[in-house]
Amino acid sequence: MADLLRLLLNVSEKAANVARVCRQEAPLFELLVQEKTGADKNKKFVQDFKTLADVVIQEMIRHDVGAQFPEMVGFIHGEESNKFENGLGESVTVTVCAQEKDTAALLATVLDGDQTAASLLARAIHQELQLRDEAAEALQLPLSPVDLGIWIDPIDATSQYIEGKEEVAPEGGFCSSGLPCALVLIGVYLRASGEPVMGVINQPFNQKDSTGNGWKGQHFWGVSYGSVNTCSLPRPVNSLLGKEDGTVSVVLSSSEKQDVKDALAPLGRLMYASGAGYKILCVILGLADVYVLSEGSTFKWDSCAPHALLRALGGGVADLRESLSASRGCVIEGKAGHGAELTYHIPRTGCQGVEKWANHGGLVAYLDSKVLMKVVGELSGKR
Ligand code: 2IP
Ligand code: CA
Ligand code: CA
């Protein structure tokens, strides 16, 4: 199944190109950043275009994966719906066609006839890309496409992407907001058990390029299945065990509840960042020890890809509510959190629409299970 990983790396890079093209090419950028003023139709159109970047990326990934792995068609899910209403109130289904010119023609109908913008997007979608990654190519995996499903978040932290603050992180450093928080997330899970087994994270806006006008991205991948645990990144060294003072750095959403912030403050340092995917990436990169979210405001497409990378590095993403109840039941044996890992295959009963796929109980993303237990210990004492 190294073929699937290779394909996901290539398609994530095409997705990053589409995201960059929308900001770098004037005809598309103008659509992306138009002021939300003017007539209702205009407002609606701008809103549509913002969604269009997400929809187009998701459909491109769905198209490319389905073309190479027909067994996976029907199991490639994502955040967006491809039913789209344009500024004229016409309903259009966005699909990627076999030919670039047909995709351009279809996109033009969504873009109210803007041929230039449609052609630019179609070119990025149909670009042939071959990303080289020796470790990914050498991987042997006893997985079959009929056993797998996919979750796509075409752009996580869309608000940061649209706002476009040109925040540049120090080399390998932390960004609390801005373009670097926007990520393309593609996660693969086992249909039978819901375990995340493969993930690709592409960060389209990592550093400004040498001209200073454009951006260079970076990508990461991880595979965790059976005895194979491989990640494009090494496990960060600053885990809790290695820290002399035993403090824990916690990354949170700035909208996290005050009582949760208060309860976690004694652990060490609290940091705030945009983007659920970016916060998990901070844990993967060792920029934070743990990401805690007390609410059900993330979805399967936010966590599946980065969860696979954390597992490949020996960590995981646990359901916070389940971890807390497990700890109340068996805190003495120190088993908090075990068995509470998020899974990706079963919709939540009794919920409608996207809520079926929410990570309802909140989450804890960790590299070191001792950190998970510390967090659960702090929160179960005080909540
Ligand atoms: C959002 C996005 C938000 C995040 C939210 C995600 O996804 O990542 O930034 O909120 O949880 O679902 P916060 O930044 O407060 O963590 P999207 O941008 O794809 O809607
Ligand atoms: Ca998201
Ligand atoms: Ca999104």
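The name recorded for the chain in an unreviewed UniProt entry is Inositol polyphosphate 1-phosphatase, from Chanos chanos. Listed in UniProt under the heading Cofactor (unreviewed entry), the comment for the chain reads: "Mg(2+)". Under Sequence similarities (unreviewed entry), UniProt gives the following word-for-word description of the chain: "Belongs to the inositol monophosphatase superfamily."

## A word on the overall build of the chain
Secondary structure summary: the chain contains 12 helices and 13 strands in total. Looking at the chain as a whole, 47% of its 383 residues qualify as buried. Excluding contacts between residues fewer than 6 apart, the proportion of contacts in the chain whose partners are at least 24 apart in sequence is 69%.

## Some thoughts on the nonpolar core
Core analysis: the biggest nonpolar cluster contains 115 residues, and Val18, Ala19, Leu121, Val283, Val290 and Val292 have the highest contact counts within it. Here the element with the most residues in this core is helix 1 (residues 2–24); it accounts for 11 residues.

## Comments concerning the sheet that holds strand 5 (residues 183–190)
Strand pairing in a sheet relies on backbone hydrogen bonds, with the paired strands running either antiparallel or parallel. Spatially, 6 strands are ordered 1-4-5-6-7-8 in an open sheet, and the strand pairing comes out mixed. The outermost strands of the open sheet, each flanked by one partner alone, are strand 1 (76–78) and strand 8 (228–231). In this sheet, adjacent strand axes meet at a mean angle of 15° when their direction is disregarded. Strands in contact with helix 1 are strand 4 (148–156), strand 5, strand 6 (196–208) and strand 7 (215–225); relative to strand 6, the strand with the most contacts, it is inclined by about 30°. Packed on one face of the sheet, helix 10 (residues 300–312) meets strand 1, strand 4, strand 5, strand 6, strand 7 and strand 8 and runs near 100° to strand 6.

## So, the pairing of strand 6
Within strand 6, 10 of the 13 residues are buried, which leaves it mostly tucked inside the rest of the structure. Adjacent in sequence and paired antiparallel, strand 5 and strand 6 are bridged by 5 residues, among which Gly194 carries a positive phi angle near 80°. Relative to strand 7, strand 6 runs antiparallel, the two sharing 8 bridges. Bridge pairing in strand 7 places Lys208 opposite Trp215. Once strand 6 ends, the chain turns through 6 residues before running back antiparallel as strand 7, passing Gly212 with a positive phi of about 80°.

## Examining unusual backbone geometry
Glycine aside, residues mostly have negative phi, and peptide bonds are mostly found in the trans state. You will see that Ala157, though not glycine, has its phi angle at about 65°, which is positive. Its location among the elements puts Ala157 in the loop between strand 4 and helix 7 (158–163). Taking the C-beta count within 10 Å as the criterion, Ala157 has 24 such neighbours and is therefore assigned buried.

## Quick notes on the site of ligand 1
In the neighbourhood of ligand 1, the contacting residues comprise Asp153, Asp156, Ala157, Thr158, Ser253, Ser255, Ser274, Gly275, Ala276, Ser297, Thr298 and Asp302. Each residue belonging to the shell around ligand 1 can be placed in one class, and the counts come to 2 nonpolar, 7 polar and 3 charged.

Calculation notes
Residues numbered from 1 in each chain as written. Chains lettered and ligands numbered in written order. Predicted model: local features only at pLDDT ≥ 70, side-chain atom pairs only at ≥ 80, totals over all residues. UniProt positions renumbered as here; feature names shortened; annotations may be inferred. Helix = DSSP H or I, 4+ residues; strand = E, 2+ residues; numbered from the N terminus. Buried ≥ 20, exposed ≤ 12 C-beta atoms within 10 Å, placed from the backbone. Contact = placed C-beta atoms within 7 Å. Core = buried A, V, L, I, M, F, W, Y, C linked by C-beta atoms within 7 Å. Pairing = 2+ DSSP bridges. Axes fitted to C-alpha atoms, helices over the stretch in contact; angles between N-to-C directions. Near = placed C-beta within 6 Å. Nonpolar A, V, L, I, M, F, W, Y, C, P; charged D, E, K, R; others polar.

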